[in-house]
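# Commentary on secondary and tertiary structure
These are the residues of each chain, in order.
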Amino acid sequence: MKKVIILLAVTISALCASAQITWNVKGGLGYAHCWGDAEGLSGHFVGKIGAGIEKPFTSNWSLMPSLELAWKGAEADYGEGLGKATLDILYIQIPIMAAYRMNINDSWNMTMKAGPYVAVGVYGRLKDYY
């Protein structure tokens, strides 16, 4: 895992040496819900904040690596009188997105992004309420 993080840091540093990069800041809130075999779990507010760069290769294609701190979690209700629990987890994640930019007009464009990310859990807390 350390080798992957060092490789990503070196890649981002090499991209930053180029004169045609732009920096961006990301942030957002959401509402997460667990599905599947996890019975009794309900939604939970989540969020993320981070920064990244955009390195264009052509007028339409670019690479967008980022470093983000993401908060995820869920809530569980044990039933009437039994209490509930809240799960909070913080991750450091490094998405590396390939982006395709489509110009709509002189002032607006639309970007489609796709790609993998690496995430490492850095903090977790399970709090019971009775």
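In this text the structure is predicted, and so the values were computed from the model without any measurement.

## Looking at the confidence of the model for the protein chain
Confidence along the protein chain averages 84 in pLDDT terms, with 89% of residues attaining 70 or more. Across the protein chain, the secondary-structure element scoring lowest on mean pLDDT is helix α1 (residues 2-16), at 71, and the one scoring highest is strand β6 (residues 109-114), at 93.

## Topic: the pairing of strand β3 (residues 44-56)
Judged from the 11 bridges that link them, strand β1 (residues 22-32) and β3 form a sheet pairing that is antiparallel. Each bridged residue has a counterpart across the sheet, and for Val25 the counterpart in β3 is Ala51. Examined bridge by bridge, β3 and strand β4 (residues 61-77) share eight bridges and lie antiparallel to one another. Counted as the bridge partner of Lys55 is Leu63 from β4. Between the antiparallel neighbours β3 and β4 lie four residues.

## Concerning the packing of aromatic side chains
Taken as a whole and judged by the stated rule, the model has two aromatic pairs. Between Tyr31 and Phe45 the ring centres are 5.1 Å apart and the planes differ by 70°, which places this aromatic pair in the edge-to-face class. Highlighted residues: Tyr31 in strand β1 and Phe45 in strand β3, separated in sequence by 14 residues. For the residue pair Tyr31 and Phe45, the accessibility class agrees, reading exposed in each case. Across from the ring centre of Tyr91, 5.1 Å away, lies the NZ or CZ of Lys72, which sits over that ring.

## What about the side chain of Glu54?
Looking at where Glu54 falls in the secondary structure, it is placed in strand β3. For Glu54, a relative accessible area of 11% puts it in the buried group. Here the side chain of Glu54 touches Arg101 through a polar contact of 2.4 Å, side chain to side chain. Every residue in contact with Glu54, bar those within four places of it in the chain, is listed here: Gln20, Ile21, Thr22, Asn24, Ser62, Leu63, Met64 and Arg101.

Criteria and cut-off values
- Residues numbered from 1 in each chain as written.
- Predicted model: local features only at pLDDT ≥ 70, side-chain atom pairs only at ≥ 80, totals over all residues.
- Heavy atoms only, no water.
- pLDDT = per-residue confidence, 0-100.
- Helix = DSSP H or I, 4+ residues; strand = E, 2+ residues; numbered from the N terminus.
- Pairing = 2+ DSSP bridges.
- Phe/Tyr/Trp six-rings, centres within 6.5 Å; stacked < 30°, edge-to-face > 60°.
- Buried < 20%, exposed > 50% of the residue type's maximum accessible area, 1.4 Å probe, protein only.
- Lys NZ or Arg CZ within 6 Å of the ring centre and 35° of its normal.
- Polar contact = N/O pair within 3.5 Å; in protein donor to acceptor, adjacent residues only side chain to side chain.
- Contact = heavy atoms within 4.5 Å.

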